[in-house]
Amino acid sequence: MKKVVDNSKVVEKNKEYQLQSNDISNAIYSCSVTARRLIAFCISNAYNDHLELDMISEKEKIGTIKMPCMKSVFSYKDFFNRMDMKSDTRQIEQVKKAVDECMEAVIRIESVEHYKKYTWFISSDINKETGKIEMIFNPLIYQAITEWYFSTRGYSALSLELLGKLSSIYSMRYYEMALSQMGNKGKNGNESGQWFFERTVDELKTLFVLQGKYENRLDNFITKVIENPISELNTYNKDFQIEVIKIKEGRKTVGFRFICADKNKKLWKIAKTDSYEDKQIKIESNNLEKDINFYKTKFKRLWKEKSEEVKLMNSLPFDFEMNDEIETLKLVKKELEERKNPSSK
């Protein structure tokens, strides 16, 4: 029996992130940057409510019915604070325009069996007196957004702070597409901390709603739709970076491979209020992370070789699984020591 999910619990009020199905991350849509920020914010801020609808019979009201809905109610200040954006008159006007745009924007989700088209919202209301904004989701798209529980493609957590910094809708699209493929990190032939996805030129034009544009102008397409947005994403994204490799047929570029790799992990900050035990744990963790980054960078070929050995060992039917990077570090250090002192073998 199919389980019933309370979608209000899915968006678990983590104010720093927006959870969404990977089907949405790979859907066909385009909108302005402010509209995309607004959609992400509303999803992260949504809660269960209901609409009261009048029942009419022969022009007479005979009662009311309550229809469940998901809505987001917020002020301009709420939005700007959460997205880490400056608040000024120009930005407020941009949000007003984005509210109107969101009411008309559509998203298309294609599967093997269906090609579905949705609107994001069914109503919006800007209270001129209080400045509060109310956005009510189309119940079908909200279910699609949050129903990662049943999705074979999983879900992703998008950083609202990062979305607030990106100024290109394409940067945002590559960000969510890369996150949707992160489950392949270190698997299926990928190195530790790496994963990739591929898209043809035509697929990108479809996903970004650019059909009929950049015809016979592939260089402009590559610069404006790929290179500049990826560069911006790499500048602001603290978690991973993307390298783009062209896929060619002869001399013609037909697609792109987007290679994603974790950036160096953040080191723990040691606070004066930390206990002695906590300080020691953080120091040990930081030293280990520095070691991993040093050996991974300086001895790339050896690191890759030992990383493959660890992956092979983890694929065997043991009752435990080793931490890839820690075990790789041990093997690299051991190999270097043996090279330095052959007698130690």
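Our subject in this report is the structure included herewith. Just so you know, these numbers come straight off a predicted model, no measurement behind them.

## A closer look at the overall build of the chain
- Along the chain, the regular secondary structure elements total 13 helices and 11 strands.
- In the chain, buried positions account for 40% of the 345 residues.
- Partitioning the contacts of the chain with sequence separation of at least 6, the portion at a separation of at least 24 is 61%.

## Points about the nonpolar core
- With 69 residues, the main nonpolar core has Phe79, Trp120, Tyr174, Leu204, Phe208, Phe221 and Phe258 as its most contacted residues.
- Excluding residues within four positions of it along the chain, Phe208 makes contact with Tyr29, Ser30, Tyr170, Arg173, Tyr174, Met177 and Val225.
- Counting residues in each nonpolar core, the second largest holds six residues, with Tyr295, Leu302, Trp303 and Leu329 among its members.

## Here we look at the sheet that holds strand β10 (residues 240-249)
- Read across the open sheet, the three strands follow the order β9-β11-β10; overall the sheet is antiparallel. At either end of the open sheet lies a strand with only one pairing partner, and these are β9 (194-200) and β10. Pairs of neighbouring strands in the sheet enclose a mean axial angle of 20 degrees, with direction left out of account.
- Across 10 bridges, β10 lies against strand β11 (residues 252-262) in antiparallel orientation. Among the inter-strand pairings, Ile247 is bridged to a residue of β11, identified as Gly255.
- On top of the sheet, helix α10 (residues 218-236) reaches β10 and β11; it is set at about 160 degrees to β10, its chief contact.

## Quick word on unusual backbone geometry
- Non-glycine residue Asp84 carries a positive phi angle of around 55 degrees.
- Positive phi, normally seen in glycine, also occurs at Asn216, with a value near 60 degrees.
- Relative to the elements of secondary structure, Asn216 occurs in the loop between α9 (201-207) and α10.
- On the basis of relative accessibility, which here comes to 83%, the residue Asn216 falls in the exposed class.

## Comments concerning the environment of Asn234
- Note that Asn234 resides in helix α10.
- Placed 29 residues apart in sequence, Asn234 and Lys263 show a C-alpha to C-alpha distance of 9.8 Å.
- Residues contacting Asn234, with those up to four places away along its chain left out, are Phe240, Gln241, Ile242 and Lys263.

## Side note on the packing of aromatic side chains
- One pass over the full model with this rule turns up 15 aromatic pairs.
- Consider the rings of Tyr295 and Phe299, whose centres lie 5.8 Å apart with planes at 25 degrees: the pair is stacked.
- Residue Tyr295 is classed as buried on the basis of its relative accessible area, which comes to 17%.
- Here a set of aromatic residues connected by ring pairs shows up, and it is made of Tyr170, Tyr174, Phe197, Phe208, Phe256 and Phe258.
- In this structure, Lys205 packs its charged tip against the face of Phe221, placed 5.7 Å from the ring centre.
- One Lys or Arg, Arg257, reaches over the ring of Phe196 and ends 3.8 Å from the middle of that ring.

## Re the pattern of salt bridges
- As enumerated under the stated definition, the model contains 16 salt bridges in all.
- Measuring nitrogen to oxygen at the nearest pair gives 3.2 Å for the salt bridge that ties Lys71 to Glu134. Residue Lys71 is found in strand β3 (residues 60-74), and its partner Glu134 is found in strand β7 (residues 133-137); the two are separated by 63 residues along the sequence.
- Between Glu161 and Lys165 there is a salt bridge whose closest N-O contact spans 3.3 Å. Placement of both Glu161 and Lys165 in helix α7 (residues 160-165) is noted, with a separation of four residues, approximately one turn of the helix.
- Judged by relative accessible area, Glu161 falls into the partly exposed class, the value being 35%.
- Here the residues in one salt-bridge network are Glu305, Lys306, Glu309, Glu335 and Arg339, joined through shared partners.

Rules of the game
Residues numbered from 1 in each chain as written. Predicted model: local features only at pLDDT ≥ 70, side-chain atom pairs only at ≥ 80, totals over all residues. Heavy atoms only, no water. Helix = DSSP H or I, 4+ residues; strand = E, 2+ residues; numbered from the N terminus. Buried < 20%, exposed > 50% of the residue type's maximum accessible area, 1.4 Å probe, protein only. Contact = heavy atoms within 4.5 Å. Core = buried A, V, L, I, M, F, W, Y, C linked by side-chain atoms within 4.5 Å. Pairing = 2+ DSSP bridges. Axes fitted to C-alpha atoms, helices over the stretch in contact; angles between N-to-C directions. Phe/Tyr/Trp six-rings, centres within 6.5 Å; stacked < 30°, edge-to-face > 60°. Lys NZ or Arg CZ within 6 Å of the ring centre and 35° of its normal. Salt bridge = Lys/Arg side-chain N within 4 Å of Asp/Glu carboxyl O.

Spatial relationships are all this shows, so hold off on functional conclusions.
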